[in-house]
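# Fold and geometry: a report
Below, each chain spelled out in residue letters.
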Amino acid sequence: MRSTDAYRHRFQKTLEYIDTHLSEDVSLDRLSQIAAFSKHHFLRQFSELFGMGVYKYVQLNRLKRASYRLAFRHDQSVIYIALESGYDNPESFARAFKKSTGQTPTEFRRQPQWTSWQETCDVLADLRKTHMKMIHRLQDVKIVDFKATDVGALEHRGDPALIGDSIAQFIAWRKHNHLHPTQSATFNILYDDPDEADPAGFRLDLCAAVDRETDDERYGVIRKTIPAGRCAVLRHIGSDDNLGQSLSFLYKEWLPQSGEEPRDFPLFLQRIHFYPDVPENEMILDVYLPLK
């Protein structure tokens, strides 16, 4: 490993440690130990490499996780989320949250303003894409026979920055119909690349496997089938911010060397471990590329 790569790897381990310890006291002593640098130089090195101070980075990641919990985990109280985010009381949490997002936690829970939230989190997404890159090998891709799966699908159509509203509606449908992710597999059907598509025309389906009648109409859910067939499967571990790198590997590296041809059905994902229930670097999903 080149010295530059080894240097960056030490800091990547630090970022992964932060991801998995957001509910704890993330001390400078511990972080400098993880990076194997003197704490006297660690702060400056972190800032120069990542473009923000380590304390700001930790705070933004805590607030990002808090926003997901506020929007999608209504069984968790604001007080609980504040304490899990490292704040001594709801008041200090509310001040920090509003400063970053423009809304109080209660306002965000009631009606998230996803566009301004996205602007806040873009800096974290860019950092992950640059410094926590996916590394795949050709042998990581497996070919399987996917069985036809009936799903309830909520069709998100429009700006991908607003997908949070569709996710909240999808979760409400699942809860109403008792389709817990541990019992009903979760899929996304990817019709478009969010980085390439016109935001107004972006298309993505949020899906859950169904094997019985459910109450769909009031939630805008329709029935679809993910068809049976051969698929190349690549496991992606980590943030959705880096998902594009895994998709690029499939199309740019694996497919040309495989001798395979894609089938006329969109790329789809099966989500296994969900953020914010697991740390962002421990998210797991399987990417399915339909083959002829």
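Right, let's walk through the structure included here.

Criteria and thresholds
Residues numbered from 1 in each chain as written. Predicted model: local features only at pLDDT ≥ 70, side-chain atom pairs only at ≥ 80, totals over all residues. Heavy atoms only, no water. Helix = DSSP H or I, 4+ residues; strand = E, 2+ residues; numbered from the N terminus. Rg over C-alpha atoms; globule rule 2.2 N^0.38 Å. Buried < 20%, exposed > 50% of the residue type's maximum accessible area, 1.4 Å probe, protein only. Lys, Arg positive; Asp, Glu negative; His and termini not counted. Charge placed at Lys NZ, Arg CZ, Asp CG, Glu CD. Polar contact = N/O pair within 3.5 Å; in protein donor to acceptor, adjacent residues only side chain to side chain. 1 Å grid on protein atoms, 1.4 Å probe; cavity = no way out; pocket = protein on both sides within 12 Å on 5 of 7 lines; lining within 4 Å. Points joined across faces, edges and corners; volume = space filled by probe spheres on them. Nonpolar A, V, L, I, M, F, W, Y, C, P; charged D, E, K, R; others polar. Contact = heavy atoms within 4.5 Å. Core = buried A, V, L, I, M, F, W, Y, C linked by side-chain atoms within 4.5 Å. Expected span 1.5 Å × (residues − 1). Bend = angle between axes of the 7 residues up to and from the residue. Arc of directions from axis to C-beta. Pairing = 2+ DSSP bridges. Axes fitted to C-alpha atoms, helices over the stretch in contact; angles between N-to-C directions.

Looking now at the overall build of the chain. Per the secondary structure count, the chain includes 10 helices and 8 strands. Taken against the 2.2 N^0.38 rule, which gives 19 Å for 292 residues, the C-alpha radius of gyration of the chain at 20 Å falls within 12% of a compact globule. Across the 292 residues in the chain, those meeting the buried criterion constitute 47%. Of the charged side chains in the chain, 38 are positive and 42 negative; the average position of the first set lies 4 Å away from that of the second.

The next point concerns the side chain of D286. The topology assignment puts D286 in strand β8 (residues 284-290). For D286, a relative accessible area of 9% corresponds to the buried category. At 2.7 Å, the side chain of D286 forms a polar contact with the side chain of R235.

This part takes up empty space enclosed by the protein. In this structure the tally under the stated criterion is 1 cavity of 30 Å³ or more. Here the largest cavity defines a volume of roughly 40 Å³. Taken together, L60, L63, K64, S67, T101, W117, T120 and C121 form the lining of the largest cavity. Among the secondary structure elements, those contributing two or more residues to the lining of the largest cavity are α4 (54-72) and α8 (114-131). In terms of residues, the lining of the largest cavity owes the most to one element, α4, which gives 4 residues. Per-class residue counts for the lining of the largest cavity are 4 nonpolar, 3 polar and 1 charged.

This paragraph deals with the side chain of S85. Its place among the elements puts S85 in the loop between α5 (78-84) and α6 (90-101). Of the residues examined, S85 reaches a relative accessible area of 1% and is grouped as buried. In this structure the side chain of S85 is engaged in a polar contact, spanning 2.7 Å, whose partner is the backbone oxygen of I81. Excluding residues that lie within four positions of it along the chain, S85 makes contacts with R62, R65, A66 and F93.

This part covers the nonpolar core. Counting 27 residues, the largest nonpolar core has V141, W173, L250, W254, V287 and L289 as its most contacted members. At the level of secondary structure, the elements contributing two or more residues to this core comprise α9 (163-176), β4 (203-209), β6 (229-237), α10 (243-258), β7 (267-273) and β8. Of all hydrophobic cores here, the second largest spans 23 residues; its members include I18, I34, Y57 and V58.

This part is about α10. For α10, which comprises 16 residues, the first-to-last C-alpha distance of 21 Å matches the rise-based estimate of 22 Å (1.5 Å per residue) to within 8%. The sharpest bend along α10 comes to roughly 30°, located at F249. Listed in full, the buried residues belonging to α10 are L243, S246, L247, F249, L250, W254 and L255. Packing partners of the buried residues in α10 comprise β1 (142-146), β3 (186-190), β6, β7 and β8. Phi for G259, located one or two positions after α10, is positive at around 80°.

On to α6, then. The end-to-end C-alpha distance of α6, which contains 12 residues, comes to 16 Å, matching closely the 16 Å that a straight helix rising 1.5 Å per residue would cover. Along α6, the residues classified as buried are S92, F93, A96, F97, S100 and T101. Projection of α6 onto a plane perpendicular to its axis shows the buried side chains occupying an angular sector of 140°, all on one side. Of the exposed residues in α6, the ones pointing more than 90 degrees away from its buried face are R95 and K99. Turning to α6, the residues buried within the fold contact α4, α5, α7 (105-110) and α8. Sitting at the head of α6, N89 places a side-chain oxygen 3.1 Å from the backbone nitrogen of E91.

Right, let's talk about the pairing of β7 for a bit. Most of β7 sits out of view: 5 of its 7 residues are buried. For β7 and β8, the ladder comprises 5 bridges, and the chain directions are antiparallel. In the sheet register, R271 faces β8, and the bridge partner there is L285.

Overall, antiparallel pairing links the 8 strands, which are arranged β1-β6-β8-β7-β3-β4-β2-β5 in an open sheet. Strands at the two margins of the open sheet, each flanked by one partner only, are β1 and β5 (221-226). Strand after strand, the sheet turns through a mean of 35° between neighbouring axes, direction not considered. Examined bridge by bridge, β6 and β8 share 7 bridges and lie antiparallel to one another. Paired with I237 across the two strands is I284, which belongs to β8.

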